[in-house]
Each structure stands twice: as C-alpha cells, then as structure tokens.
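Spelled out from the first residue to the last, the chains are:
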Amino acid sequence: LETSSKDLGVKVSRLMKLKKGFRALQVECAGDVSLAKKLVQKSNTNTKMSATGVIMHLFKDSDTNHNRIIDEDEVNAFIEKMKLVFGSVQTFDEARAREAATGINVRNMKGLVDIIMDDAPTPSPADNNEQPVACSQTKASPVVNSPMLPWRDPLSHSTA
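Note that the structure is predicted; figures quoted are calculated from it, not measured. (Residues numbered from 1 in each chain as written. Predicted model: local features only at pLDDT ≥ 70, side-chain atom pairs only at ≥ 80, totals over all residues. Heavy atoms only, no water.)

### Description of the overall build of the chain
The helix and strand tally for the chain stands at 5 helices and 0 strands. Reading the secondary structure of the chain in the N-to-C direction produces α-α-α-α-α. Burial analysis of the chain (160 residues in total) assigns 31% to the buried set. Contacts spanning at least 24 positions in sequence make up 66% of the contacts within the chain whose residues lie at least 6 apart. Working note: accessible area of the chain is about 10,500 Å², and carbon and sulfur atoms make up 57% of it. (Helix = DSSP H or I, 4+ residues; strand = E, 2+ residues; numbered from the N terminus. Buried < 20%, exposed > 50% of the residue type's maximum accessible area, 1.4 Å probe, protein only. Contact = heavy atoms within 4.5 Å. Areas by Shrake-Rupley, 256 points an atom, 1.4 Å probe, with all protein chains shown as cover.)

Here is the structure:
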C-alpha cells in the first residue's frame, strides 16, 4: 500500500507539471499548434545542449588518466557525478547510463544524453504505457535550471 501510494504521488506530481506546462503553452501560443511544436522543439534542443555541456564537464573531471575515454575504473566516479546532477531527472536511469558510460569517449556522448533525456529506445516499450510528453520540458527543465558548471573543453585537460 505504501509503495502504491508513493507511485501515485509521483504520477500526480508529474501530471501537475504537465498541466502547468500545457497551460503555459496555451497562453504562449494562443492555440497555434505549429508555434507550440516549434517552441517545444527549441526547448528540447536547448535542454539537450545544456545536458551535453554538463556531461562533457563531468567526463573531463572523471577521466583521471586523461586518455579521453571513461575506462572501467573511472565509470563509478563518472556515474556518481552524473547522479548528483541528473538524479532528480525522472528519466535518468543509472543502470542504462552506467552501461553506456563504460568505454565512452567524447564522440559518442550523444547516446548518453539521449539516455538521460529518455530519447533512446527502452528495452521493453510494453512496460511503459505512458507517451512521452515533450511539453514537460518547456518551462522548468531540471537540466536547464540546475546550476551549470563552468564550461571547459573536455579535450583540454588544463586546470585553468
């Protein structure tokens, strides 16, 4: 019963956020669906760009041997840092992120961003009857509103 109550609370909270985002879109777009789609796409793009910047910073900090790859012995530190930043993001899945992070380099960072943003295909879509609703990312994206770390080029290992 306690688990069901907690699950229900999470779902109600998500629905309230969706309702708030939907209302904001209605006010902003005045019923213009194409404008709403453009705004949602722009917001999602901005969110992904922000997430990519944060992940690249975490990547650089976790790549202790400076070989531009997250090796097996660096994965735990990388995932712990990601959990600190993205742990409150509902779609963040530590197991999937851990699997994708092992051996990751800068060139295949997009796959990790997609996992966090839940754009990557899930193993069993039948388990998830909910349709992803992009408007939840319009106003208060957890990535955009999280404190951004100072940008540093992930390929540059200087401490400046």
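### What to know about the environment of Arg98
Residue placement: Arg98 occurs in helix H4 (residues 94-101). For the pair formed by Arg98 and Asn76, sequence separation is 22 residues and the distance between their alpha carbons is 8.0 Å. With residues up to four places along the chain from it excluded, the contact list for Arg98 reads Val75, Asn76 and Ile79.

### Observations concerning the nonpolar core
Within the largest apolar cluster, 23 residues are counted, with the highest numbers of intra-cluster contacts made by Ile55, Phe59, Phe78, Met82, Phe86, Phe92 and Leu112. For this core, the secondary-structure elements that each account for two or more residues are helix H2 (33-62), helix H3 (75-86), H4 and helix H5 (109-116). The dominant element in this core, judged by the number of residues it contributes, is H2, at 6 residues. With sequence-adjacent residues up to four places away left out, Ile55 is seen in contact with Phe78, Phe86, Met109, Leu112, Val113 and Ile116. (Core = buried A, V, L, I, M, F, W, Y, C linked by side-chain atoms within 4.5 Å.)

### Observations regarding unusual backbone geometry
One non-glycine residue, Ala30, lies in positive phi territory at about 50°. A positive phi angle, near 65°, is found at Arg68, a position not held by glycine. Looking at where Arg68 falls in the secondary structure, it is placed in the loop between H2 and H3. Overall, Arg68 belongs to the partly exposed group, its relative accessible area being 41%.

### Quick word on the pattern of salt bridges
Counted by the stated rule, this structure contains 5 salt bridges. When the shortest N-O distance is used, the salt bridge between Asp114 and Lys48 registers 3.6 Å. Linking Asp114 in helix H5 with Lys48 in helix H2, this pair joins segments that are 66 residues apart in sequence. Under the relative-accessibility criterion, Asp114 is labelled buried at 12%. For Lys83, the salt bridge goes to Glu80, with nearest N and O atoms at 3.3 Å. Note that Lys83 and Glu80 are positioned in helix H3 at a spacing of 3 residues, about one turn of the helix. Accessibility expressed as a relative area gives 29% for Lys83, which makes it partly exposed. Put simply, Glu80, Lys83, Glu94 and Arg98 are held in one network by salt bridges that share partners. (Salt bridge = Lys/Arg side-chain N within 4 Å of Asp/Glu carboxyl O.)

### Here we look at the confidence of the model for the chain
When pLDDT is averaged across the chain, the result is 76; 74% of the residues are at 70 or more. When mean pLDDT is taken per element in the chain, H3 scores highest with 93 and helix H1 (residues 2-29) scores lowest with 86. (pLDDT = per-residue confidence, 0-100.)

### Comments concerning a nonpolar patch on the surface
Together, Leu8, Val12 and Met16 give the surface a local cluster of nonpolar side chains, amounting to about 300 Å² of exposed area. Examined against the element boundaries, Met16 turns out to sit in helix H1. (Patch = residues over 30% accessible without salt bridge, like charges linked within 9 Å, V, L, I, M, F, W, Y side chains within 5 Å.)

### Quick notes on the packing of aromatic side chains
Enumeration over the complete set of coordinates arrives at 1 aromatic pair. The interplanar angle of 90° and the centroid separation of 6.4 Å between the aromatic rings of Phe59 and Phe78 together place this pair among those described as edge-to-face. Of this pair, Phe59 sits in helix H2 while Phe78 is found in helix H3, placing the two residues 19 residues apart along the sequence. Take Phe59 and Phe78: they sit in the same class, and that class is buried. (Phe/Tyr/Trp six-rings, centres within 6.5 Å; stacked < 30°, edge-to-face > 60°.)

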